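# Summary of structural features
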Amino acid sequence: VPIPFQKSLVSDNQLIHRGIFSNDLSRYFFTVSDRNFARFDIKVSKKQNGEWTKPTDAFFNSQYSEHGMSFSPDGNTLVFSSTRPVNDTTVAPTWHLWKCDLLNGEWSDPEFITLPGFDKKLTSHPTISNDGTLYFHSSEADYSNMWIYQSRLINGNYEPPKKLNFERLKCIGACTPYVSSDGNYLIFAAINMNGALPMFICKKSRNNQWSQPQILPKEINQNSQGNPY
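One structure accompanies this document, and this report is about it. These numbers come from a predicted model, not from an experiment. (Residues numbered from 1 in each chain as written. Predicted model: local features only at pLDDT ≥ 70, side-chain atom pairs only at ≥ 80, totals over all residues. Heavy atoms only, no water.)

### Here's the deal with the overall build of the protein chain
- In terms of helices and strands, the protein chain carries 0 helices and 20 strands.
- Against the 2.2 N^0.38 benchmark of 17 Å for 229 residues, the protein chain shows a C-alpha radius of gyration of 17 Å, consistent with a compact globule.
- Principal-axis analysis of the C-alpha atoms places the extent of the protein chain at approximately 45 × 45 × 35 Å.
- A fraction of 39% describes how many contacts in the protein chain between residues 6 or more apart in sequence connect residues 24 or more apart.
- When the accessible surface of the protein chain is summed, it comes to about 12,800 Å², and 47% of that surface belongs to carbon and sulfur atoms.
- Counting 22 positive and 21 negative side-chain charges, the protein chain places the centres of these two groups 7 Å from one another. (Helix = DSSP H or I, 4+ residues; strand = E, 2+ residues; numbered from the N terminus. Rg over C-alpha atoms; globule rule 2.2 N^0.38 Å. Contact = heavy atoms within 4.5 Å. Areas by Shrake-Rupley, 256 points an atom, 1.4 Å probe, with all protein chains shown as cover. Lys, Arg positive; Asp, Glu negative; His and termini not counted. Charge placed at Lys NZ, Arg CZ, Asp CG, Glu CD.)

This is how it looks when you write it as structure tokens:
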């Protein structure tokens, strides 16, 4: 049965969203929003002397909205989604993917992730497998046609994203993917007509293809939480 973690992290007028641990388990990053979903911020709590500190703004949080962060398996890259502006007029003003790299013990400034053909799309909730492949969900700017995509990292650049084909999955959309560090399984939330977000898992086959998704047990699928990790 799911165990609540640190109920006191947010005030009564806020909602808590996706949370992740740093790879060494010393920091807990999580997203909070107002109840109208007008503003999203990423907070961090640090473990010191066996206790978790009062949350503060994460180092990459800004005056814009941030959400859906993940660390790479080696802990040296942090990817997240943000509404911060891009210095390119061809890029639509919506959610896009960004990254920070750990260099000589310091995190770099956020860098916009270029995804060929997706400049006008909403992109969010990135996650990285051990071979550098990026998984995320994308939709139109009005949140319609939301689905999960993957993009391989080739010679330092991401290839045009490809839509994952879950032909047997009966839903109107899919979102908030999380890929395991070894790249062998993918967990995500399906979007149902009634607004529910049941979570599914699929596994990588020997020929490097994803299996058809299987729904996770009801002990996990509670309250349509989404945002698996």
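### Considering the pairing of strand β3 (residues 40-48)
- Across 7 bridges, the pairing between strand β2 (residues 27-34) and β3 is antiparallel. Opposite T31, over in β3, you have I42 as the bridge partner.
- Between β2 and β3, which pair antiparallel one after the other, the connecting turn spans 5 residues, and F37 there sits at a positive phi close to 60 degrees.
- Bridge count between β3 and strand β5 (residues 56-57): 2 bridges; the pairing is antiparallel. What sits directly across from K43, in β5, is D57.
- In the sheet, β3 pairs with strand β4 (residues 51-52) via 2 bridges, with the strands oriented antiparallel. Among the inter-strand pairings, K47 is bridged to a residue of β4, identified as W52. (Pairing = 2+ DSSP bridges.)

### What about the packing of aromatic side chains?
- On inspection of all chains with the given rule, the structure shows 19 aromatic pairs.
- Taking 4.8 Å as the distance between ring centres and 50 degrees as the angle between the ring planes, the aromatic pair formed by F21 and Y28 counts as tilted.
- Using a relative accessible area of 23% as the deciding quantity, one classes F21 as partly exposed.
- Y28 sits in the buried class, given a relative accessible area of 11%.
- Pairing F40 with W95 gives two aromatic rings, centres 5.8 Å apart and planes at 75 degrees, and the pair type is edge-to-face. Here F40 is found in strand β3, whereas its partner W95 is found in the loop between β7 (77-82) and β8 (96-103), with 55 residues between them in sequence.
- Residue classification places F40 among the buried positions, given a relative accessible area of 10%.
- A residue is classified by how much of its surface remains accessible, and W95, at 9% relative accessible area, is buried.
- Taking NZ or CZ as reference, K163 lies 5.4 Å from the ring centre of W147, over its face. (Phe/Tyr/Trp six-rings, centres within 6.5 Å; stacked < 30°, edge-to-face > 60°. Buried < 20%, exposed > 50% of the residue type's maximum accessible area, 1.4 Å probe, protein only. Lys NZ or Arg CZ within 6 Å of the ring centre and 35° of its normal.)

### Observations concerning the sheet that holds strand β16 (residues 162-163)
- Reading across the sheet, the 4 strands line up as β11-β12-β13-β16 and stay open at both edges, with antiparallel pairing between neighbours. In the strand order of this sheet, the two ends are held by β11 (122-128) and β16, each with one partner.

### Digging into the nonpolar core
- With 24 residues, the main nonpolar core has L115, L134, F166, L186, F188 and W210 as its most contacted residues.
- Among the secondary structure elements, those contributing two or more residues to this core are β12 (134-139), β13 (147-151), β17 (173-179), β18 (185-191) and β19 (199-203).
- In terms of nonpolar packing, the next biggest core, distinct from the first, is built from 15 residues, F71, L78, F80 and V91 among them. (Core = buried A, V, L, I, M, F, W, Y, C linked by side-chain atoms within 4.5 Å.)

### Section: the sheet that holds strand β20 (residues 214-215)
- Taken together, 4 strands build an open sheet; the order of strands is β17-β18-β19-β20 and the sheet is antiparallel. The strands lining the two open edges of the sheet, one partner per strand, are β17 and β20.
- Where β19 meets β20, 2 bridges bridge the pair, whose relative direction is antiparallel. Pairing of I201 across the sheet is with Q214, part of β20.

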